[in-house]
Amino acid sequence: MISVLIAEDMHLIRGAMVALLSAEHDIKVVDEVGHGDDVVPSCLVHRPDIALVDIGLPGTDGLSATAELHRRLPSCKAVILTGLATPAALRRALDAGARGFVVKDTPAGQLAECVRRVVAGERVIDPELAVAALNARQNPLTTRELEVLKAAAEGSPVGEIADRLFLSGGTVRNYLSRILAKVGARTRVEAVTIAREAGWLWPDDVREIGLIRYRDGGPVLRSSERS
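Quick notes on the rules
- Residues numbered from 1 in each chain as written.
- Predicted model: local features only at pLDDT ≥ 70, side-chain atom pairs only at ≥ 80, totals over all residues.
- Heavy atoms only, no water.
- Helix = DSSP H or I, 4+ residues; strand = E, 2+ residues; numbered from the N terminus.
- Contact = heavy atoms within 4.5 Å.
- Areas by Shrake-Rupley, 256 points an atom, 1.4 Å probe, with all protein chains shown as cover.
- Buried < 20%, exposed > 50% of the residue type's maximum accessible area, 1.4 Å probe, protein only.
- Arc of directions from axis to C-beta.
- Polar contact = N/O pair within 3.5 Å; in protein donor to acceptor, adjacent residues only side chain to side chain.
- Axes fitted to C-alpha atoms, helices over the stretch in contact; angles between N-to-C directions.
- Parallel < 35°, antiparallel > 145°, perpendicular 65-115°, else oblique.
- Nonpolar A, V, L, I, M, F, W, Y, C, P; charged D, E, K, R; others polar.
- Pairing = 2+ DSSP bridges.
- Core = buried A, V, L, I, M, F, W, Y, C linked by side-chain atoms within 4.5 Å.
- Salt bridge = Lys/Arg side-chain N within 4 Å of Asp/Glu carboxyl O.

Here the focus is the overall build of the protein chain. Tallying secondary structure elements over the protein chain gives 10 helices and seven strands in all. In the protein chain, the share of contacts with a sequence separation of at least 24, taken over all contacts with a separation of at least 6, comes to 66%. Total accessible area on the protein chain is roughly 11000 Å²; 52% of this is exposed by carbon and sulfur atoms.

Along the polypeptide, Gly169 turns up in helix H9 (residues 169-183). Assessed through its relative accessible area of 24%, Gly169 is described here as partly exposed. C-alpha separation for the pair Gly169 and Gly159, spaced 10 residues apart in sequence, amounts to 5.8 Å. Beyond its immediate sequence surroundings of up to four residues, Gly169 is in contact with Val158 and Ala162.

Right, let's talk about helix H3 (residues 62-72) for a bit. Those residues of H3 lying buried are Gly62, Leu63, Ala65, Thr66 and Leu69. Buried residues of H3 fall within an arc of 160° about the axis and therefore sit on the same side. Among the structural elements, helix H2 (39-46), strand S3 (50-54), strand S4 (77-82) and helix H4 (87-95) are those in contact with the buried residues of H3. For H3, the N-terminal cap is Asp61; the gap from its side-chain oxygen to the backbone nitrogen of Leu63 is 3.0 Å.

With that settled, the discussion passes to the packing of helix H8 (residues 158-165) against H9. Close contact between H8 and H9 brings their axes to 8 Å; oriented N to C, the two are set at 105°. Here H8 lies roughly perpendicular to H9, going by the angle between them. Facing Val158, Ile161 and Ala162 of H8, the residues of H9 in contact are Gly169, Val172, Arg173 and Leu176. In terms of residue class, the contact of H8 with H9 is made up of five nonpolar, one polar and one charged.

Quick look at the pairing of strand S2 (residues 27-33) now. Taken together, the six bridges between strand S1 (residues 2-7) and S2 define a ladder with parallel strand orientation. Counterpart to Ile2 in the pairing with S2 is Ile27.

What follows concerns the side chain of Arg14. If you trace the backbone, Arg14 turns up in helix H1 (residues 11-22). Ignoring sequence-local partners within four residues, the contact set of Arg14 consists of Ile6, Glu8, Asp9, Glu32, Val33 and Gly34.

This next bit is on the nonpolar core. Grouped together as the largest cluster of nonpolar side chains are 23 residues, with contacts concentrated most on Ala7, Val39, Cys43, Ala51, Val53, Leu69 and Ile80. Broken down by secondary-structure element, the contributors of at least two residues to this core are S1, H2, S3, H3, S4 and H4. For Ala51, the contacting residues outside a window of four places in its chain are Leu5, Cys43, Leu69, Cys76, Lys77, Ala78 and Val79. Within the second largest apolar cluster, 22 residues are counted, among which are Leu146, Leu165, Val183 and Val192.

Attention now goes to the pattern of salt bridges. Taken as a whole and assessed by the stated rule, the structure comprises 13 salt bridges. Here Arg116 ties to Glu24 by a salt bridge, and the two come within 2.7 Å at their closest N and O atoms. Residue Arg116 is located in helix H5 (residues 108-119), and its partner Glu24 is located in the loop between H1 and S2; the two are separated by 92 residues in the primary sequence. Where Arg164 meets Glu154, a salt bridge forms, and the shortest distance between an N and an O atom there is 2.8 Å. Of the two residues, Arg164 is situated in helix H8 and Glu154 in the loop between helix H7 (143-153) and H8; the sequence distance between them amounts to 10 residues. Among the residues examined, Arg164 registers a relative accessible area of 38% and is labelled partly exposed. The partly exposed category is assigned to Glu154, whose relative accessible area is 47%. Connected through salt bridges with shared partners, the residues Glu24, Asp26, Glu113, Arg116, Arg117 and Glu122 form a single ionic network.

Below you can see the structure in the form of structure tokens.
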């Protein structure tokens, strides 16, 4: 019997997942949590085979919880659940130690199959998304340029950015001009959008990830990669 923990803060979605997976003859849901801070403690108590973790949990976000779970209980394999699919989100999920990346509108049968494949030692990822992640454009911005762009993304005027980063106003304007040229943007807003979609500029609160971009089309299809 495959034991599963579900971490999802939306009650209706979590309840539906519990019901659907519990209907499978070889899967047992051992616990369900709605807060990121509860993921690792619950897994340490119940020691499930699989943890299905929403990327945007309140408290400790899903990616941070997955990274901690991978460190403290590597026998429990994490699968990231998300409402969007972007190369940036996939790369960060894999860096956190996730063994799968699944969108929430995946049919129940495919979700159950994903659980079985991950338990069997496979990595379950959308093939198109995996290729996009491999071919994604490299970050052309320096650490300082990212700091300036992040401050600009928060709506801070040039003077405030300068004060925060201990720079002159002219230096900040020069940084912003270089940033626009490097990313191929005409405005700061466009530069922020490009950087977020590419994964160079990541929100402090992962729950904001849904504001970045949702992938067009239907459910993400799955593929597996033998570990």
